[in-house]
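# A structural walkthrough
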Amino acid sequence: MAKPVYSGGRHFQSRLTCITENRWRLTDHSYNANVWNAGMVHMDREQVFHAEGLTKVYPMGDLEVKALRGIDLDLYRGELVVLLGASGSGKSTLLNILGGLDSASSGEAWYCGDSITSASLETLTEFRRRHVGFIFQFYNLIPSLTAQENVAIVTDIAANPMPPLEALKLVGMEARANHFPAQLSGGEQQRVAIARAIAKRPEVLLCDEPTGALDSRTGVVVLQALERVNRELGTTTVVITHNVAVRAMADRVIEMTDGQISSVYVNPDKKTPAEISW
Amino acid sequence: MLALQRKLFRDLWLIRSQVFAIAMVIAAGVGVCIMSLSTWKALELTKDTYYREYRFADVFASLKRAPLGEMQRIRAIDGVRAAQGRVISGANLHIPGFAEPITGLLSSLPQAHELNQLVLRRGRYPDPARSEEVLLSDALADAHRLNPGDQLAAVINGRYRTLRITGIALSPEHVYQIAPGAILPDFKRFGILWMPRRSLERARDMDGAFNDLVVQLSRDADQARVIREIDRLLMPYGGRGAYGREDQLSERFLREEFGQLKTMAYLFPLIFMAVAVFLLNVVIQRLVATQRENIAALKAFGYHDREIFRHYAELVAVIASIGILLGIALGTWLGKGLSNIYMEYYRFPFLLFSLPLDVLLLVCPLALLAALGGSWRAVKGAADLPPAQAMRGELPVDYKASWLEKVGVTRRLRPDTRMVVRYLERQPRRALIAIAGLSLATAIMMVGSFQMDAANFMVHVHFDVTQREDVQLGFTEPVAQKALGSLRNIEGVRYLEGYRSVPVRLRNRQFHERINIQGLQTDAQLQKVLDIEFRELRLPPAGLLLSERLAQNLRVRVGDLLQVEVLEQGQQKVQIPVAAITQQFFGMSAYMNVDALNRVMQEGRTFSGALLQLEPGTEEGVYRELLDMPRVAGIGVRQAMLNSFNDILERSLLTFTFINTILGGVIATGVVYNTARIAFSERARELASLRVLGYRQGEVAYVLLAELGILTLLAIPIGFVIGHHLCAFLASQLQSDLFRVPLVLESRTYAMSALVIVVSSLLSGWYLWEKVRGLDLVEVLKTRE
Ligand SMILES: Nc1ncnc2c1ncn2[C@@H]1O[C@H](COP(=O)(O)OP(=O)(O)O)[C@@H](O)[C@H]1O
Ligand SMILES: [Mg+2]
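Residues numbered from 1 in each chain as written. Chains lettered and ligands numbered in written order. Predicted model: local features only at pLDDT ≥ 70, side-chain atom pairs only at ≥ 80, totals over all residues. Heavy atoms only, no water.

Rules: UniProt positions are given in the numbering used here, feature names are shortened, and annotations may be inferred rather than shown by experiment.
In the annotation of an unreviewed UniProt entry, the entry for chain B reads ABC transporter permease, and the organism field reads Biformimicrobium ophioploci. Check the Sequence similarities (unreviewed entry) section of the UniProt entry for chain B; it says "Belongs to the ABC-4 integral membrane protein family. LolC/E subfamily." The heading Subcellular location (unreviewed entry) in the UniProt record of chain B holds the text "Cell membrane".

Structure, rendered in structure tokens:
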């Protein structure tokens, strides 16, 4: 296993462009020096997310909880990033801010050159609607809808979705299309949730502990589904997980400690989930 | 169908019992509204049509006697389109097999095309050549099963006559068939007879003359001016003052009663809808809370706030629509039933009932708006939910040390009881909402039976406290005091008192009322006058005593001077000060010391009638003797009035009250049931955990049941206070010239409403018990946290 590379605070200035939806942008971007050093491979790849000095403070009565303490980050098109870190280190907070679900206290984040942090709620909604797929730890399927209908809830409002059944097929759940969440096991529910998230062909897939509520064998099936989507659809994917073995299938592993990025590790030989010993 | 819409209907199905409970409450509100409004509209439309098609007169006047030739001058008055001089006479009727006296009103039969046309129900018109033939009013005929061909006896002008009924008829003049001076109709003891004019003229010695006038006005006539002209023309003939349709006895009663119906049509739905909306808000809030994470997910997928808002607003709209549709069906059905009940009291020849479109167009959108407006907060709360936070599930309850625990009250409690206290204390908002719902339900129940309490109290005060005579009689003409002696000599009369009654018009600036001043003896025993506080009032030697409503209508207070225009004989105009205000529930009255009244009339001690107290068991004989006396115009029997009053109360008011009580009960049960359901769904996980830890079903259920019990016990007294205020409001809204509804709440009413709440709590408790039994431990623990 390759040695993790420590990520320092120096920044390089670079001009990058983004080709999403024919919107060309010329923006000043900074990105992590060590990433650049470690993986020149990223030089020619599109930057999807870019964040500078993100902080998030929750007031808790007299105290303040500093969930994020200055995050600088770049995520590239098509890569699969694993976000590691102890509970409470700020992973979910970061993911929520990137996904336009939450606001940062300071700092800025861009999606393909468009600021997320200064966007209106309305714009953020549109952003999520068009570009982002979410997967949650507790699946969050709507109990009164069948698997297929749970997927449809997203395809109904998407511009260029795949048919719900096709999405279910991608995660191997087409046979259970007409079952209600209560009739599915946790792993099956999570696979439906993945189908739901990918059915609109999002540019990015943000997964917050997708295997957290699953046993490891079921977890593998879910991760396989995620990996397959990432590979076949080229969706930029961020996965928060406690499962250390997952790092083997990632392009990069970012570790968070106490609201900061403590290390970034570029995986030189990416494995498929099947090859990983769990 | 879009997936979100599917979710809508599935959610509705999942909470179907709550949907049903709320829909029933809305249906109750809409139902009462449609019932009352459609009944009211039907009665108004029926009345207007009846009046128009049967040419009901606009102006009325009675007088002593004028030659028919005077009619020329009356018809010549500007604004008079048609006018008829009639002969009207009081009569005592006697129906074979019925011992009690019956008050009759004889009227000359209108010719074709004359005013106040009759509707012939059965039989034929009397033959003008046969003086014994009459038409009889249908109410009396129905009450005694009289048919064309039957006979009855009448004492007219002191002469005993046998009359033959040729037909049964109705008149727009007597839709509300009430004897002059009575407070409620009594179909058994009051009837109208129509005789061909010649026969009646002869019977009353009124050849070529008339003693009653009906006038139809032209479209743009000035009624007040016409009345003044008629008064001027009739003055030499003993005119008693002309008056418009608005003061006509039957019409006035109808107007007041329809007005009350209308008030109820607005008031009850208002109360019911308020509760329904409250319930809706609570349930939707609860639904949103349980779906917090789903809402967060929807938002994460890019659903706009407005789409979420629409989703839950649609949920509300569907529930409301179910309620509204049920309400329309219920209201129409009840409205038809209620109209038919009213038809027994209002003698209309037909009923024009239809579900009025304008009522629907008013009620349905209003109910829908109320539902949406009421649940606005809950729905908006769903739309405004910040997604990142909602994802974390429900916010944990703040675990500060509670003041009850600090004080040390809870230390002595059992652990499970302490748990209940903590639930209530830590989430006071939820407890408050539950208490609010339960107390509103209690209050609503009170409103139903309050009307019965009030009516009973009114009857008690009127018949037991103020009117203490057994028989009241009126003379055909005022008599001198010595004439009372012959009454005193009747076998069975234990005690009697004379009274003077003078028709007057009371006037203060532009406000005026036609009324009879009752002249009472200073030491009157059989007719008491009460002051505002229900204390017996001693008659002052001079000055007028006005009932509260009359004083209000005339805008006078004690000490003010009133202008009194006598509408009898002398036509005096005097100024009399108001000496006191009196309390009375039925109609309006003015009283005076009889001596003072005699002085105003410039007469010696004179009486218009007498109040009698009889030896028990002698009634029938006394009635017979009284009816044979030529000077006795009519007799009123207190017990009979009381009976008919109770009968009417039971059949009309009780029906309405019964419907309201049922609907109130539906609402109460709906609120209690919802409260219990919500309590259960909020605690299901905790309770399942307790069960897993080894608690028994009873112990777990205790936590829920004790909470429901405490909430119910706290809510009932609060409900009593709210109910008291609601009833006070209702009472103030139901005031009319006919009734003053007192705020009387008997302990039975309190007990009844508490009972309904307790019973529905028990039923809901049983439901909780079953739910705890059915608690799926595995399923509850499988899902998160
Ligand atoms: N809404 C909130 N209010 C207060 N503190 C919060 C809130 N959300 C998160 N936190 C705190 O912020 C920190 C980071 O949380 P989170 O991003 O969820 O961590 P992770 O996902 O890495 O476990 C934690 O200490 C958490 O308690
Ligand atoms: Mg987390």
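## A few points about the overall build of chain B
Applied cut-off: Numbering of helices and strands runs from the N terminus, with a helix taken as a DSSP run of H or I at least four residues long and a strand as a DSSP run of E at least two residues long. Residues are treated as being in contact if the distance between any of their heavy atoms lies within 4.5 Å. Using a 1.4 Å probe, accessible areas were evaluated by the Shrake-Rupley method; residue-level cover was limited to the displayed protein chains. The convention is simple: Lys and Arg are positive, Asp and Glu are negative, and His and the chain ends are not counted. In this description, the location of a charge corresponds to atom NZ of lysine, CZ of arginine, CG of aspartate or CD of glutamate.
Along chain B, the regular secondary structure elements total 23 helices and 21 strands. With respect to the principal axes defined by its C-alpha atoms, chain B has extents near 100 × 60 × 50 Å. For chain B, long-range pairs separated by at least 24 residues make up 82% of all intrachain contacts whose partners lie at least 6 apart in sequence. For chain B, the exposed area adds up to about 33200 Å²; of that, 56% sits on carbon and sulfur atoms. Chain B carries 90 positive and 77 negative side-chain charges, and their two centres are separated by 5 Å.

## Side note on the overall build of chain A
The cut-off we apply is this: Relative accessible area decides the class of each residue, using a 1.4 Å probe on protein chains only: under 20% of the type maximum gives buried, over 50% gives exposed, and in between gives partly exposed.
Across its full length, chain A holds seven helices and 13 strands. For chain A, buried positions account for 55% of its 278 residues. Long-range contacts, defined here as pairs at least 24 residues apart, represent 68% of the contacts in chain A between residues at least 6 apart. Split by element, the accessible area of chain A, about 11700 Å² in all, is 50% carbon and sulfur.

## Comments concerning the sheet that holds strand β4 (residues 47-60) of chain A
Residues and elements named next belong to chain A. Just so we agree on the cut-off: Two strands pair if DSSP finds at least two bridges between them. Every axis in this analysis is a line fitted to C-alpha atoms, fitted for helices over the stretch in contact. Angles between the N-to-C directions lie between 0 and 180 degrees.
Read across the sheet, four strands follow the order β5-β4-β7-β8 without closing on themselves; strand pairing throughout is antiparallel. Because the sheet does not close on itself, it has two edges, and the strands there are β5 (63-76) and β8 (114-115). Relative to β8, strand β7 (residues 106-111) runs antiparallel, the two being bridged by two bridges. Bridge pairing in β8 links W110 to S115. The strands touched by helix α2 (residues 91-98) within the sheet are β4, β5 and β7, with β5 carrying the most contacts at an inclination of about 60°.

## Some remarks on the UniProt feature "domain: ABC3 transporter permease C-terminal" (unreviewed entry) in chain B
Residues and elements named next belong to chain B. Under the local residue numbering, the UniProt record ascribes the feature "domain: ABC3 transporter permease C-terminal" (unreviewed entry) to residues 267-380 and 663-775. This span, residues 267-380, is 85% helix and 0% strand, and a straight line between its end C-alpha atoms measures 29 Å. Taken end to end, residues 663-775 is 84% helix and 0% strand, and its two terminal C-alpha atoms sit 32 Å from one another.

## Quick word on the packing of helix α9 (residues 305-345) of chain B against helix α11 (residues 376-384) of chain B
Residues and elements named next belong to chain B. Using the following cut-off: Left-handed describes a crossing in which the near helix is turned anticlockwise from the far one by less than a right angle; the clockwise case is right-handed. Side-chain classes follow a simple rule in which Ala, Val, Leu, Ile, Met, Phe, Trp, Tyr, Cys and Pro form the nonpolar group, Asp, Glu, Lys and Arg form the charged group, and the remainder, Gly included, forms the polar group.
For the pair α9 and α11, interaxial distance at closest approach is 8 Å and the crossing angle is 145°. Handedness of the α9/α11 crossing: right-handed. Counting all contacts with α9, which are made through D305, I308, F309, Y312, A313 and V316, the residues of α11 involved are W376, V379, K380, A382 and A383. Across the contact of α9 with α11, the residue classes break down as nine nonpolar, no polar and two charged.

## Remarks on the UniProt feature "transmembrane region" (unreviewed entry) in chain B
Residues and elements named next belong to chain B. Using the residue numbers shown here, the UniProt feature "transmembrane region" (unreviewed entry) corresponds to residues 20-40, 264-284, 315-334, 346-372, 431-450, 653-680, 701-731 and 751-769. A helix fraction of 100% and a strand fraction of 0% characterise residues 653-680, whose end C-alpha atoms lie 40 Å from each other. Within residues 701-731, the helical portion is 100% and the strand portion 0%, while the C-alpha atoms at the span's ends are 43 Å from each other.

## Examining the domain arrangement of chain B
You'll often see interface size given as the accessible area lost when the parts meet. Selection criterion: Segmentation into domains, and thus their bounds, comes from an automatic or database assignment.
Examined at the domain level, chain B breaks down into domain 1 (117-199) and domain 2 (493-614). The distance between the C-alpha centroids of domain 1 of chain B and domain 2 of chain B comes to 33 Å.

## As for the nonpolar core
We count it as follows: We define the nonpolar core as a collection of buried residues of types Ala, Val, Leu, Ile, Met, Phe, Trp, Tyr and Cys that are connected through side-chain atoms lying within 4.5 Å of one another.
In this structure, A:F49, A:L73, A:L94, A:I153, B:F272, B:Y312 and B:Y346 are the most contacted members of the largest nonpolar core, which totals 201 residues. Structurally, this core is a two-domain feature, drawing no fewer than three residues from each of domain 1 (117-199) and domain 2 (493-614) of chain B. Contact partners of A:F49, with chain neighbours within four places excluded, come to A:L73, A:D74, A:L75, A:L98, A:W110, A:Y111, A:I116, A:F127 and A:V204.

## Some remarks on the pairing of strand β10 (residues 204-208) of chain A
Residues and elements named next belong to chain A. Operational definition: By convention, orient the strands away from the viewer: a clockwise path from the first strand over the helix to the second makes the crossover right-handed.
Of all five residues in β10, five are buried, a share of seventy percent or more. What you see with β10 is no split at all: V204, L206 and D208 on one side and L205 and C207 on the other are buried throughout. Bridge analysis of strand β9 (residues 132-135) against β10 gives four bridges, and the strand direction is parallel. Its bridge partner lying in β10, G133 is registered against L205. Both β10 and strand β11 (residues 236-240) contribute to a ladder of five bridges, which runs parallel. By the bridge assignment for β11, V204 is matched with T236. Of the crossover connections in this fold, the one passing from β10 over helix α7 (residues 216-233) to the parallel β11 is right-handed.

## A closer look at the confidence of the model for chain A
Detail in the predicted coordinates should be disregarded across regions flagged by low pLDDT. The test is simple: As a per-residue measure, pLDDT tells how confident the predictor is, with possible values from 0 to 100.
On average, chain A scores 80 in pLDDT, and the residues at 70 or more come to 83%. Contacts of residues 1-43 of chain A to residues separated by more than four positions or lying in other chains number 87 contacts, the stretch itself having pLDDT below 50.

## Brief notes about unusual backbone geometry
Residue and element names in this part refer to chain B. Backbone geometry places D205, a non-glycine residue, at a positive phi of 55°. Position of D205 among the secondary structure elements: in the loop between α5 (197-203) and β10 (209-217). At F534, a position not held by glycine, the phi torsion is positive, near 70°. On the secondary structure map, F534 appears in the loop between β15 (530-531) and β16 (544-547).

## A short note on the environment of B:Q563
Its place among the elements puts B:Q563 in strand β17 (residues 561-566). Judged by its relative accessible area of 29%, B:Q563 is partly exposed.

## Some thoughts on the interface of chain B and chain A
We apply this condition: A carboxyl oxygen of Asp or Glu within 4 Å of a side-chain nitrogen of Lys or Arg is what we treat as a salt bridge. Here a polar contact is recorded for every N or O atom pair within 3.5 Å, except that within protein the pair must consist of a potential hydrogen donor and a potential acceptor, and residues adjacent in sequence are included only if both atoms are side-chain atoms.
The partner chain A presents 27 residues to the 24 residues of chain B that form the contact. Applying the counting rule to chain B against chain A returns four salt bridges. The residue B:R306 makes a salt bridge to A:E122 at a minimum N-O spacing of 3.0 Å. Summed over the shared surface of chain B and chain A, the number is 16 residue pairs in polar contact (both at pLDDT 80 or more). Of all elements in the fold, only α1 (3-14), α8 (292-300), α9 and α12 (387-390) of chain B reach the threshold of two or more residues within the side of chain B that touches chain A. If you tally residues by element for the side of chain B that touches chain A, the top one is α1(B), at seven residues. Here the residues of the side of chain B that touches chain A are counted per class, giving twelve nonpolar, three polar and nine charged.

## Some details on the packing of aromatic side chains
All names here are of chain A. Basically, it comes down to this: Pairing of aromatic side chains requires ring centres within 6.5 Å, counting the rings of Phe and Tyr and the six-membered ring of Trp. Pairs whose planes differ by under 30 degrees are stacked, by over 60 edge-to-face, and all others tilted.
Applying the stated rule across the entire model yields 22 aromatic pairs over all chains. Judged by centre distance (4.8 Å) and plane angle (55°), the ring pair of Y111 and F127 falls under tilted. Here Y111 is found in strand β7, whereas its partner F127 is found in helix α3 (residues 121-131), with 16 residues between them in sequence. Both residues of the pair, Y111 and F127, count as buried.

## Structural notes on a nonpolar patch on the surface
All names here are of chain B. Test applied: A patch consists of residues whose relative accessible area exceeds 30% and which take part in no salt bridge; residues with like charges are grouped when within 9 Å of each other, and nonpolar side chains (Val, Leu, Ile, Met, Phe, Trp, Tyr) when within 5 Å.
Where nonpolar side chains cluster on the molecular surface, the patch consists of Y266, L362, L366 and L369 and spans about 380 Å² of accessible area. Tracing the backbone shows L366 in helix α10 (residues 357-374). Judged by relative accessible area, L366 falls into the partly exposed class, the value being 48%.

## Things to note about the side chain of B:E251
Residues and elements named next belong to chain B. Assignment of secondary structure puts E251 in helix α7 (residues 249-290). Polar side-chain contacts of E251 include one of 3.1 Å to the side chain of K47. Not counting residues within four places of it along the chain, the set of residues in contact with E251 comprises K47, Y51, F56 and R245.

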